[in-house]
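# Summary of structural features
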Amino acid sequence: MKKVLALVLAVMMMATVAFATNLDKDENTVTFGGSVKPGKSLYLYDSGMNNPVSDADYIIQGGSFTAKVNSTNYTITGTKYTSGRDLVESISFDDKNNQLVVKTKEDYTLKQAKDLKVEFTLKGKGKGGAGDVRPVNIKVEIDVTVGNDKLSAPVDPDDDLVLWAEAIDGTTDQPSATGAHFTSVLKDDTVVKFEKALDGTDTGNYGTVNITCADDGETEVTFRGYKNDELFLFNNAKANSALLKAYADNDAEISFLNFVANPTLNSTATIRFYKDEDSHVYVMKDGKLTSEVKWDDDEGAFVLKTRTLGSYVFSDKALSFTTTATSNPDTGANDVVGIATALAAVALVSAAAVSLKK
C-alpha cells in the first residue's frame, strides 16, 4: 500500500499545469480548452513518448501518466456529453502511437462555431503501470469550440474579390487579375462572408467574385456575392479513385475538380473550363457523371452556367454515363456502389491502369 501511495504522490509531483491529480479518486484529470477546426482532432498522450502530431490546427495535451495511453492499459468509460455530440466522429485509442484521439467531424457547412463539452474516464486495467501496478485512471474533460474561420469579403461592386486555390503542384501563387482590389487564398477551413467594403464602410449590397481553381488555374468561376452571404468556396483537384477504376477500360487521362461543400449561390455563376477543345468536361454528382459541358467558341473555353458549384471530371476521351461510384473527394474515401446496366458491368470492370492527368 505504501508503494502505491508513493507512486501516486510521484505522479502528482511530475504533473504539469495540463492536469491535476485527485488522490481521493485515485485519478488524474486532464482538461482541454480552446478551439478546433471541423475534421481536426484532440490528442492525449504521455509526455514521455514521442508525439507524432505536429499540425498546428490540432490540439495536443501531454502529461506524465503511470502507463502508456493505449487500449492495453486503459478502457474508455462514462462518456457524457453536455453539448456537441453531433460534432464528434470518434473517440478512440491510437495504439501505434500510444495516444487517445478525439476526432471531430469534417463539416464544410458549419458557419457558426459550436460548443463541444464532453467528459469521460480512461479506466486503468491490467498491470501496465510503473512498478507493475494498475494504471491510474485519467479523467478527461473537454470544453472547446468547433468552427471554421471567416474571411470578410467586400460588398462594394468596385472592389472585386479574387480567390485562388492551391494548385495540383501545391503552389498558391497569386494569379494575374487586372483591376482586382482584394485577393486571398482559399483554405479548407475558411468561410467567405460578404459584409464590408475595403475601407471598412457598409456601402453596397454585393461584390463580384472571381475564383481561380485548384486544377492549376485551368478553371475560373465568376459570380455575384450578396451582402450576408456566407459561402465555403474551397476546392481541390483530388481524384475519385472509384471513378478511375470504373473507367479503367477507357485508357483515358482523367482529372478532377471538386468544390467540396457544393455551395449554392444567390446568383448564377459562370464557370469557364480552359481545357483543350477536344477534351471532354463532365459534371459529377454522387459519384456519377450527370451531364457534359459544351465548348463555347466565343469564350474559347467550356462554359457552364449554374447556381451550385460541384464536382467536375476532365477526360481526353469520351466517357459513358452508365457508371455509378461514390466518393468523398476531399478525404479520398471512395467506393464503387453499383453498375447501372449489364453492359456497363462488362465494359467497365477491368484491371487496366489509368493515367491521372496533372
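The paragraphs below set out a description of the structure included in this document. Please read all numbers here as calculations on a predicted model, not as lab measurements. (Residues numbered from 1 in each chain as written. Predicted model: local features only at pLDDT ≥ 70, side-chain atom pairs only at ≥ 80, totals over all residues. Heavy atoms only, no water.)

### Here's the deal with the sheet that holds strand 16 (residues 230-231)
Taken together, the three strands give an open sheet; going across it, the order is 10-13-16, and neighbouring strands pair in mixed fashion. At either end of the open sheet lies a strand with only one pairing partner, and these are strand 10 (149-153) and strand 16. When strand 13 (residues 190-194) meets strand 16, the two strands line up antiparallel, connected through two bridges. Paired with Val192 across the bridge in strand 16 is Leu231. (Pairing = 2+ DSSP bridges. Helix = DSSP H or I, 4+ residues; strand = E, 2+ residues; numbered from the N terminus.)

### A closer look at the pattern of salt bridges
Applying the stated criterion across every chain, the model contains nine salt bridges. As a salt-bridge pair, Lys139 and Glu141 come within 3.7 Å of each other at their nearest N and O atoms. By relative accessible area, which is 26% here, Glu141 ends up partly exposed. In this structure, the salt-bridge partner of Lys275 is Glu218, at a minimum N-O distance of 2.8 Å. In this pair, Lys275 is assigned in the loop between strand 19 (264-273) and strand 20 (280-285) and Glu218 in the loop between strand 14 (206-212) and strand 15 (219-226), connecting sequence segments 57 residues apart. Given a relative accessible area of 8%, Lys275 falls into the buried group. For Glu218, a relative accessible area of 29% translates into the label partly exposed. Among the charged side chains, a network of salt bridges with common partners joins Lys150, Lys193, Glu195 and Glu230. (Salt bridge = Lys/Arg side-chain N within 4 Å of Asp/Glu carboxyl O. Buried < 20%, exposed > 50% of the residue type's maximum accessible area, 1.4 Å probe, protein only.)

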